[in-house]
Amino acid sequence: MPRARVVLVHGLRTSSSMWRRQLELLGVHDLDVVAIDLPGHGSRIGEAFSIEAALEDIDAALNPEAGVRGADRSVPRLLVGLSLGGYLSIEFAARNPDRLDGLVAASCSTQPRGAPLGGYRRLAALIGRMPDRGRGLNDAMARLFLSPEAADDVLAGGVALDVMAPVLAAVGDLDPVGALSAIEVPVWLVNGRFDHFRIEERRMLRAAHDAHLVIVPRATHLVSLIRPDDFAAVVLGAVAELDRRAAAGRRRRNAHAGASAGSPSFPGQLAGANVGDPLS
């Protein structure tokens, strides 16, 4: 049985291939790691994008055995999203509190609205009018700012050239600050030190009930690609915390069961004793 199921959700115009290095780094730690393609991206280029369809895909990846009688429910489920994937993952966690156990939301610590979103949409429109719809510019920027291996990973799954306008329109209706306030599971907000999407990270941190802010040094927006080992360490730390909380929960349930039966649940423990470390 794996320690956890980890679902990776990519950013705008990229695909599941951007996670290839993370799949390698995390896969050796007894984790069930899956990277998905969102509607309109990667293997699904040409499909229409919608928030609802994207959230359904995330749920199917996180809970592949939903409805299966006798399915093991003890494996923690960690959702990891970057940029667009981060906004979608925050929305999913707010709407589906019982469908995941933890959330890593990277490079999405700015509200997608107002002047920043408007500027981004105007830029997308200009890029879309280029003869190649911006493919050459996209590839050149990837080669300029990423390592050769990371650029290959980003480009391997194809570039969703026609999806920017519908995605930006849809994401503009999301409220990640409000969504964070409704999330019941632990959240890790992860940003590169030089990411332009981190300007509201403190506000988002305050909005969440159980959140941790991680700043990755010498990283920009594509933090998992710029600093893959550091990013994998954050994910592994989140898995370890979910393991710890699950173990503490089992100890409390065992203690309660022992107290109900009128006898200690294991040698040396008083019936009804408060067991387990306090949760942070």
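Our subject in this report is the structure included herewith.

How each quantity is defined
In this numbering scheme, every chain counts its residues from 1 along its sequence in written order. For a predicted model such as this one, the threshold for reporting local features is a pLDDT of at least 70, and the threshold for listing and counting side-chain atom pairs is 80 or more; totals across whole chains, interfaces and linings nevertheless cover every residue. Neither water nor hydrogens contribute to the side-chain values; these are computed over all heavy atoms in the structure. Helix numbers and strand numbers start at the N terminus; a helix is a DSSP run of H or I with at least 4 residues, a strand a run of E with at least 2. Under the scheme applied here, a residue whose accessible area is under 20% of the maximum for its type counts as buried, over 50% as exposed, and between as partly exposed, the area being computed with a 1.4 Å probe on protein chains only. Note on contacts: a residue pair qualifies if any of its non-hydrogen atoms lie within 4.5 Å across the two residues. Note on areas: Shrake-Rupley, 1.4 Å probe, and residue coverage restricted to the protein chains presented here. His is not counted, nor are the chain ends; Lys and Arg add positive charge and Asp and Glu add negative charge. Here the site of a charge means NZ on Lys, CZ on Arg, CG on Asp, or CD on Glu. Clockwise travel from the first strand over the helix to the second, with the strands pointing away from the viewer, marks a crossover as right-handed. In this scheme, strands are said to pair when DSSP sees at least two bridges between them. In this analysis a 1.4 Å probe is tested at points of a 1 Å grid over the protein atoms alone, and where it fits but cannot get out there is a cavity; an open set with protein on both sides within 12 Å along at least five of seven lines is a pocket; lining residues have an atom within 4 Å of a point. Grid points are joined across faces, edges and corners, and a volume is the space filled by probe spheres set on the points. Ten residues, namely Ala, Val, Leu, Ile, Met, Phe, Trp, Tyr, Cys and Pro, are considered nonpolar, four, namely Asp, Glu, Lys and Arg, are considered charged, and the remaining ones, Gly among them, are considered polar. Arc definition: directions from the helix axis to the C-beta atoms. Polar contacts here mean pairs of N or O atoms no more than 3.5 Å apart (in protein, one a potential hydrogen donor and the other a potential acceptor; neighbouring residues in sequence count only if both atoms are side-chain atoms).

1. Looking at the overall build of the protein
Argument step 1. Of regular secondary structure, the protein possesses 11 helices and six strands.
Argument step 2. A principal-axis box enclosing the C-alpha atoms of the protein has dimensions of 75 × 35 × 35 Å.
Argument step 3. Taken across its 280 residues, the protein has 50% of its residues classed as buried.
Argument step 4. At a minimum sequence separation of 6, the contacts of the protein that also span at least 24 residues come to 73%.
Argument step 5. Approximately 13000 Å² of the protein is accessible, and the part contributed by carbon and sulfur atoms is 55%.
Argument step 6. Charge-centre separation for the protein: the mean point of 31 positive side chains lies 4 Å from the mean point of 32 negative side chains.

2. Notes on the pairing of strand β1 (residues 5–9)
Argument step 1. Burial of β1 is extensive: five of the five residues sit out of reach of the surface.
Argument step 2. Side chains of β1 alternate between two faces, with R5, V7 and V9 and V6 and L8 buried alike.
Argument step 3. The β-α-β motif built from β1, the intervening helix α1 (residues 20–27) and the parallel element strand β2 (residues 32–36) has right-handed crossover chirality.
Argument step 4. Two elements, β1 and strand β3 (residues 77–82), share five bridges in a ladder whose sense is parallel. Each residue of the ladder has a partner; that of R5, found in β3, is R77.

3. Here we look at the layout of surface pockets
Take a probe with the size of a water molecule and roll it over the atoms, and the empty space left behind shows itself.
Argument step 1. If you add up the space inside the largest pocket, you get close to 1200 Å³.
Argument step 2. At the level of secondary structure, the elements contributing two or more residues to the lining of the largest pocket comprise α3 (84–95), α4 (114–128), α5 (135–145) and α7 (164–171).
Argument step 3. Broken down by class, the residue content of the lining of the largest pocket amounts to 26 nonpolar, 11 polar and one charged.
Argument step 4. Along its surface, the second largest pocket is lined by 23 residues, and R73, S74, V75, P76 and D101 are the ones closest to its centre.
Argument step 5. The element best represented in the lining of the second largest pocket is helix α11 (residues 228–261), accounting for six residues.
Argument step 6. Of the residues contributing to the lining of the second largest pocket, the split by class is nine nonpolar, three polar and 11 charged.

4. Considerations on α5
Argument step 1. Within the sequence span of α5, burial applies to N138, D139 and A142. Viewed end-on, α5 has its buried residues packed into an arc of 95°, placing them on one side of the element. Exposed residues pointing more than 90 degrees away from the buried face of α5 are listed as L144 and F145.
Argument step 2. On its buried face, α5 sits against α6 (148–156).

5. Notes on the side chain of E241
Argument step 1. Take E241: it is sitting in helix α11.
Argument step 2. Separated by 3.0 Å, the side chains of E241 and R244 make a polar contact.

6. Some points on the side chain of H221
Argument step 1. Within the secondary structure, H221 is located in the loop between β6 (211–216) and α10 (223–226).
Argument step 2. Given the relative accessible area of 14%, H221 is considered buried.
Argument step 3. Setting aside residues up to four positions removed in sequence, H221 forms contacts with L82, S83, S107, D195, H196 and F197.

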